[in-house]
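These are the residues of each chain, in order.
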Amino acid sequence: MVRNTYIFPPEPSMRIIGDIIEYTAKNMPKFNSISISGYHMQEAGANQALELAFTLADGKEYVKTALAKGLDVDDFAGRLSFFWAIGMNFYLEVAKMRAGRLLWCRIMKEFNPKNPKSLMLRTHCQTSGWSLTEQDPYNNVVRTTIEAMAAVFGGTQSLHTNALDEAIALPTEFSARIARNTQLIIQEETHITNVIDPWAGSYMMEKLTQDMADAAWKIIEEVEAMGGMTRAVDSGWAKLKIEAAAADKQARIDSGKDVIVGVNKYKLKDEDTHDILEIDNLKVRESQVARLNAIRQKRDGAAVQAALDALTAAADSGQGNLLDLSIKAVRLRATVGEISDALEKIYGRHRADTQKVTGVYAAAYDSAEGWEALQKEITAFAEDQGRRPRVMISKLGQDGHDRGAKVVATAFADLGFDVDMGPLFQTPEECARQAIENDVHAVGVSTLAAGHKTLVPAIIEELRKQGADDIIVFVGGVIPRQDYEFLYDAGVKGIYGPGTPIPASAKDVLEQIRAAVAA
């Protein structure tokens, strides 16, 4: 829904979920069959109540799917696990986890389990990646520590702490060690872990927990009235609820209502550069292709094809267990891509709705003076040129995290730009073609997966090849400052890293479009 690592539509995806739970319950009874994740929802913009409600609704849908396969609830429910994001609202995160256990027990009682372990909510937590800042990044050590403590106070069974430089690049060994030691210090030095539910009995925490449970339950009831979480996802409703929350939060930050230390308050005059881990994308790709070629030369091709055909047949007939057949194919050295393709022949491929929320960013930004002035500039451009400035916001490659792209698209549209959203997982060639067909002035590339040095020059080259080098390209996301010069040399007109207020980037894009039109 929000991490966007899907391939198939929701309905066949639920078939796969059911088959995973069935296979692991019968053959791997100590394996946690499914990680029911809210983490990516909060990272995409959900508040705590939305994350809690949608994740528990997902879990309920998974349970119903497994029961429909004829499984007994006690055969699998005790091995379901959850995964929460832990952000910077310390008290609400503790309350969310406490409310989660309360509501999951309520949900599971509907299925009449006999084993009390089937009522337990067991969870892993990860500190927020979105809360990390590129600016003054050593502040991120403090942020991660506070979030880690909230997870422990909330009763997590396991924990992942993010590294201080993850808003800049992939973590280095130095930063990863600090992240790991943050956990060890909480575990070994503080005695925090010696007490179960230390907030129990606090009037404030008990009230917050009940308020959180009530808010989440109201959303769960709304989902049930729609026909369950599969329908809520398929319709695009759930994703739009999260995107509205994301736009509201970003506007509050950009307008200064919500303080982010070092970003919109207490800023450094000069930022130091930091050592980063750099990966050669082309070298990694060539190495992987060589490994795949070597495997294909050594394996029994006929046996692999027979195993893949069996998968396709099972998808078509609804008979058999897809995980069982996938494991058999993998043992013959079929690749993940080949297995996916075998199922795609029947299931097709899911395409996310590219609709965007409107009005949310503008309402939260409060129509400040600079906002209104920029709207007037855009109106003046439209009067001069006979049309509004038109931008296309794109995601290239396999980077599925689209919070930034959706928020930028929403804010630009609220300002008065005409905005097109490219589908996820576009190639540079597809992106260039869509940009030309839609007659845009600019393409904005949102990048969070370290592919900017490969994909951004490729889109610029494709626009040139297709005779549209008058379309300007700007980039936002996780980009080390060390790479800015490389991107500018490649032809990028604007780079907007984490923490850039959207009105500031919009004003710069408008000026770049004006300059390109004048030329």
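Computed from a predicted model, the values in this text were never measured in an experiment.

Next up on the list: the sheet that holds strand β2 (residues 81-86). With respect to topology, four strands assemble into an open sheet ordered β1-β2-β3-β4, the strand pairing being parallel. The two strands at the open ends of the sheet, each matched to only one other strand, are β1 (35-37) and β4 (158-160). Ignoring which end each strand starts from, the neighbouring axes of this sheet average 25° apart. Pairing of strand β3 (residues 123-127) with β4 involves three bridges; the strand directions are parallel. Looking across to β4, one finds that Q126 is bridged to H160. Against the sheet, helix α3 (residues 48-68) contacts β1 and β2, and its axis sits at roughly 165° relative to β2.

What follows deals with the environment of I34. Along the chain, the position of I34 falls in the loop between α1 (10-27) and β1. Taking relative accessible area as the criterion, I34 reaches 8% and is therefore assigned buried. For the pair formed by I34 and G59, sequence separation is 25 residues and the distance between their alpha carbons is 9.2 Å. When neighbours within four sequence positions are excluded, I34 is seen to be in contact with I17, I20, I21, Y62, L80 and S81.

Let's shift gears to a nonpolar patch on the surface. Together, L170, L277, I279 and V284 make up an exposed nonpolar region whose accessible area comes to about 320 Å². Residue placement: V284 occurs in helix α10 (residues 281-298). With a relative accessible area of 47%, V284 lands in the partly exposed category.

Of the voids in this model, the second largest pocket is the one considered here, and its volume is about 1600 Å³. Forming the boundary of the second largest pocket are 50 residues, of which T5, Y6, S13, I17 and Y62 lie nearest the centre. For the lining of the second largest pocket, the leading source of residues is α1, giving seven residues. Broken down by class, the residue content of the lining of the second largest pocket amounts to 27 nonpolar, 13 polar and 10 charged.

Here we take up the nonpolar core. Counting 60 residues, the largest nonpolar core has I21, F54, L56, F76, W84 and W104 as the members making the most contacts within it. Formed by 32 residues, the second largest nonpolar core is a distinct cluster that contains A362, I378, A411 and I513.

With that out of the way, let us pick up the packing of aromatic side chains. Counted according to the given criterion, the structure contains 17 aromatic pairs. By way of ring pairs, the aromatic residues F90, Y91, F153 and W199 are connected into one cluster. Over the face of the ring belonging to F486 we find K453, whose NZ or CZ atom lies 5.1 Å from the ring centre.

In this section: the pattern of salt bridges. Taken as a whole, this structure holds 35 salt bridges when the rule is applied. K69 is paired through a salt bridge with E22; the nearest N and O atoms lie 3.9 Å apart. With K69 in the loop between α3 and β2 and E22 in helix α1, this residue pair connects regions lying 47 residues apart in the sequence. Note on K69: relative accessible area 31%, which makes it partly exposed. Residue E22 is classed as buried on the basis of its relative accessible area, which comes to 14%. We note a salt bridge from E51 to K96, for which the minimum N-O separation is 2.7 Å. Taken together, the residues span a long stretch of sequence, with E51 in helix α3 and K96 in helix α4 (residues 90-109) at a distance of 45 residues. In this structure, E51 and K96 share a single accessibility class: buried.

What counts and what doesn't
Just so you know, the residues in each chain are numbered from 1, in the order the chain's sequence is written. Thresholds applied to this predicted model are a pLDDT of at least 70 for local features of residues and 80 or more for the giving and counting of side-chain atom pairs; totals over whole chains, interfaces and linings are not thresholded and use all residues. Based on all heavy atoms of the structure, the side-chain values leave hydrogens and waters out of the count. Two strands are said to pair when DSSP picks up at least two bridges between them. Working definition: helices are DSSP H or I runs of at least four residues, strands are E runs of at least two. Numbering for both runs from the N terminus. Between the N-to-C directions of two axes lies an angle of 0 to 180 degrees, each axis being a line fitted to C-alpha atoms and, for a helix, fitted only over the stretch in contact. We call two residues contacting when some pair of their heavy atoms lies within 4.5 Å. Each residue is assigned to one of three classes by its accessible area relative to the maximum for its type, calculated with a 1.4 Å probe on protein chains only: buried under 20%, partly exposed between the two thresholds, exposed over 50%. The residues that make up patches have over 30% relative accessible area and no salt bridge, and they are joined within 9 Å when like-charged or within 5 Å when they are Val, Leu, Ile, Met, Phe, Trp or Tyr. Under the convention used here, a 1.4 Å probe and the Shrake-Rupley method define accessible areas, while residue burial counts only the protein chains that appear. Definition used for salt bridges: Asp or Glu carboxyl oxygen within 4 Å of a side-chain nitrogen of Lys or Arg. Points on a 1 Å grid over protein atoms alone make up a cavity when a 1.4 Å probe fits among them but cannot get out, and a pocket when they form an open set with protein on both sides within 12 Å along at least five of seven lines; lining residues each have an atom within 4 Å of a point. Grid points are joined across faces, edges and corners, and a volume is the space filled by probe spheres set on the points. Each residue gets one of three labels, nonpolar for Ala, Val, Leu, Ile, Met, Phe, Trp, Tyr, Cys and Pro, charged for Asp, Glu, Lys and Arg, and polar for the others, Gly among them. Nine residue types can take part in a nonpolar core, namely buried Ala, Val, Leu, Ile, Met, Phe, Trp, Tyr and Cys, and a core is a set of them joined through side-chain atoms within 4.5 Å. Only centres within 6.5 Å qualify two rings of Phe, Tyr or Trp (six-membered ring in Trp) as a pair; their planes then separate them into stacked at under 30 degrees, edge-to-face at over 60, and tilted for everything else. Either the NZ atom of lysine or the CZ atom of arginine qualifies as a charge over a ring when it sits within 6 Å of the ring centre and within 35 degrees of the ring normal.

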